[in-house]
Amino acid sequence: MIRALRDGAAIGLSLTAALVSVSAAGWKAAGLPFIAFDLFDWLASLLPGAVVTFGLDAVVSATSAAHVSIGLAAKTAEQAMAIALLLFAGAIAGALLSAVLLASDEPPALLGVIVGALMGAAAVVIERSTMRIEAGAFLAEAWVCGLFLAWGVVFARVYERYRARPETPSAARRSFLLRVAGVATATTIAGSAAAVAAGLRRIQPPGALWSDLHDLPNSASPVQPVPGTRSELTPIRAHYRVDIDTSPPSIDETSWRLAVDGLVRQPFSRTLADLRARPAVHQFITLSCISNPIGGDLIGTTRWSGVSLHDLLPEFGLEPRATHLRISSRDGFHETVALDTIQQDRRVMLAYAWDGVRLSAEHGFPIRLYIPAVYGMKQPKWIDRIEAIAAWEPGYWVARGWDRTGRMQATSTIDAVRVQGLTAAIGGIAHAGARGISRVEIRVDDGPWREARIRDPLSPTTWVVWRCELSMGPGPHTLAVRCYDAAGIAQPDGTLYKRRVTL
Ligand SMILES: Nc1nc2c(c(=O)[nH]1)N[C@H]1C(S)=C(S)[C@@H](COP(=O)(O)O)O[C@H]1N2
Ligand SMILES: [Mo]
């Protein structure tokens, strides 16, 4: 009995590995739902926010200690966890199913179909509830259900043949199991290869990048970055990614609509083409995650294009009672924005492009919100609904205990130190939300603070690149950087970035 359970688990695990990779191939090649990530997101959505926050913080600190790109490593860790969890569930399901088959007189083939269909139906319900499958997307539903059905059917067949020789010595049984594992492994490798090949073709949305065709507006600035300073305009492929999704919602432009309802005279909707046909606003923007550790790379600067929400408002036909907009996303994320903020600040916008090309699936296609001065936690991607409401409401992360205002704090980092003899050229970035930076200072060991030169920023809301040349004695030193916002308020002492150098 124990051996039957163990062998059932092994068969279940092998078949689940094959299922995961075939599902991945369908996802990458045809945009079909990827079961492993979607089930994981669904599970995560059932957990209390504190657990999710704890997980995020743990991954951020683990990866920043290892000096790898935090955003990328965090997503990769999460994705690996999602796949491992499904494999584990597959092994358990295999053990349970083999126990049922062992105890039941029904033909295994029938039980396999029933169990496979049940699992498939459950997966479809979950995919729908997390909006991973749009209503009426029959192909996607058939694919998800079919994969599980195939799992059940193949399991039953394999099991039948396995049980047909109860008297065979264990060596023969082992070689049979090895054959099953071999076929499953071949399927896994083929599916994964297809997924990787398809994935490589879709990394960047088509079209020429704005930055490949234009000089930056500050290219004439006399202050040049110290080589090794992070790119002033973050390449969109390298931009950090943080969201509650293991894989981004895939949204079809033809069926997508921005729905506007709530306290409006008449609910209406807009297509992406409608929004793109309006006068465009282009802004250089620095986006940062509130979880960015000191010196981290959960911060990036690029050129956003979209429509000013201020300019759209007159079409809403707002009722006088309306005070806020509740902006919500396909993945269940949402944020509330005061109408006052929108009326006073034309920079608040619905963006549809980054660096001249449409937003990628990871970064919010088709539209995302920009609000100056606040962290990314307040700026939904994948928006599909705007509801006018009569009172403030906490946004997704605020409801889970995160900072209520999400106002960006002043931050500065040393990115590059170029030593030549006993002088060092030191360079980096500084940012204080939409307030701008008035001064950057460097300190060597316990010496006086010395002023760095600041390069003209790309816009009043982006980070600044700074540089500073300092002489110091031979041996090890500790460098520190601090910045001041435009009002002259210094970055708090506890948040300073420090770096050791040896001359
Ligand atoms: N729909 C949605 N929007 C979202 C999030 C999310 O999980 N879902 N995460 C937010 C957070 S915490 C950040 S820091 C930014 C990151 O944007 P990026 O991934 O394009 O860098 O997206 C914000 N918008
Ligand atoms: Mo974030």
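Use the structure listed above.
Residues numbered from 1 in each chain as written. Chains lettered and ligands numbered in written order. Predicted model: local features only at pLDDT ≥ 70, side-chain atom pairs only at ≥ 80, totals over all residues. Heavy atoms only, no water.

Engineer: What should I look at first to understand the overall build of the protein in this one?
Structural biologist: A tally of regular secondary structure across the protein gives 11 helices and 18 strands. Counting only C-alpha atoms and orienting by the principal axes, one finds that the protein spans roughly 85 × 70 × 40 Å. Relative to its 503 residues, the protein shows a buried fraction of 50%. The long-range share in the protein, meaning contacts at least 24 apart out of those at least 6 apart in sequence, stands at 72%. Accessible surface, the protein: about 22900 Å² in total, of which carbon and sulfur atoms supply 61%. Taking the 49 positively charged and 44 negatively charged side chains of the protein as two groups, their mean positions are separated by 4 Å. (Helix = DSSP H or I, 4+ residues; strand = E, 2+ residues; numbered from the N terminus. Buried < 20%, exposed > 50% of the residue type's maximum accessible area, 1.4 Å probe, protein only. Contact = heavy atoms within 4.5 Å. Areas by Shrake-Rupley, 256 points an atom, 1.4 Å probe, with all protein chains shown as cover. Lys, Arg positive; Asp, Glu negative; His and termini not counted. Charge placed at Lys NZ, Arg CZ, Asp CG, Glu CD.)

Engineer: How do you make sense of the packing of helix 5 (residues 108–129) against helix 6 (residues 138–163) when you look at a structure like this?
Structural biologist: The axes of two packed helices give the description: the angle between them and the distance between them. With their axes 7 Å apart at the nearest point, helix 5 and helix 6 run at an angle of 155° to one another. With respect to helix 6, the axis of helix 5 lies roughly antiparallel. Here the hand of the crossing between helix 5 and helix 6 comes out right-handed. Considered class by class, the residues forming the contact of helix 5 with helix 6 number 15 nonpolar, four polar and four charged. (Axes fitted to C-alpha atoms, helices over the stretch in contact; angles between N-to-C directions. Parallel < 35°, antiparallel > 145°, perpendicular 65-115°, else oblique. Left-handed = near helix turned anticlockwise from the far one by under 90°. Nonpolar A, V, L, I, M, F, W, Y, C, P; charged D, E, K, R; others polar.)

Engineer: Would you mind showing me how to read the sheet that holds strand 15 (residues 453–454) here?
Structural biologist: Strand pairs in the sheet, formed through backbone hydrogen bonds, run parallel or antiparallel to each other. A sheet is described by the order of its strands in space; here four strands give the open sequence 11-12-16-15, paired in antiparallel fashion. Looking along the sheet, the strands with just one partner apiece sit at the ends: strand 11 (411–420) and strand 15. In this structure, strand 12 (residues 423–431) lies alongside strand 16 (residues 464–471), joined through eight bridges in antiparallel fashion. For Gly427, the partnering residue across the bridge sits in strand 16 and is Arg467. (Pairing = 2+ DSSP bridges.)

Engineer: How should I be thinking about the pattern of salt bridges in this particular structure?
Structural biologist: Should their charged atoms come close, side chains of opposite charge can pair. With the rule as written, the count across this model stands at 22 salt bridges. Among the ionic contacts, a cluster of salt bridges with common partners joins Arg439, Glu441, Glu451 and Arg482. (Salt bridge = Lys/Arg side-chain N within 4 Å of Asp/Glu carboxyl O.)

Engineer: Sorry, what's going on with the site of ligand 1 here?
Structural biologist: Around ligand 1 there are 20 residues in total, and Tyr240, Asp331, His363, Arg368 and Lys381 lie nearest to it. Between ligand 1 and the protein, one listed contact pairs an oxygen atom with a backbone N or O atom of Ile244 at 2.8 Å. Between His363 and ligand 1, the recorded distance is 2.6 Å, taken from a side-chain N or O atom to an oxygen atom. Its free accessible area being 540 Å², ligand 1 has 100% of it covered by the protein chains. Classifying every residue of the shell around ligand 1 by side-chain character gives 10 nonpolar, five polar and five charged. (Near = heavy atom within 4 Å. Polar contact = N/O pair within 3.5 Å; in protein donor to acceptor, adjacent residues only side chain to side chain.)

Engineer: Which parts of the structure should I look at to understand helix 5?
Structural biologist: An α-helix turns once every 3.6 residues. As a result, residues three or four positions apart point the same way. The terminal C-alpha atoms of helix 5 lie 31 Å apart, and with 22 residues this matches the ideal 32 Å at 1.5 Å per residue to within 8%. Taken together, the buried positions of helix 5 are occupied by Pro108, Leu111, Gly112, Gly116, Gly120, Ala123, Val124, Ile126 and Glu127. (Expected span 1.5 Å × (residues − 1).)

Engineer: What am I meant to see in the packing of aromatic side chains here?
Structural biologist: The description of an aromatic ring pair uses the distance of the two centres, along with the angle that the planes make with each other. In the structure shown here, the tally under the stated rule is 12 aromatic pairs. When the centroid spacing of 4.5 Å and the interplanar angle of 80° are considered together, the rings of Phe34 and Phe37 count as edge-to-face. On the basis of relative accessibility, which here comes to 4%, the residue Phe37 falls in the buried class. Here the aromatic rings of Phe155 and Tyr159 are separated by 6.4 Å at their centres, their planes lie at 5°, and the arrangement is stacked. With Phe155 and Tyr159 both in helix 6 and four residues apart, the pair spans about one turn of that helix. Like Tyr159, Phe155 is buried. One aromatic cluster is present, built from ring pairs that chain together Phe333, Tyr396, Trp397 and Trp402. When the ring centre of Phe365 is taken as origin, the NZ or CZ atom of Arg358, which lies over that ring, is 5.0 Å away. Of note, Arg404 hangs over the ring of Trp392, and the distance from its end group to the ring centre comes to 3.9 Å. (Phe/Tyr/Trp six-rings, centres within 6.5 Å; stacked < 30°, edge-to-face > 60°. Lys NZ or Arg CZ within 6 Å of the ring centre and 35° of its normal.)

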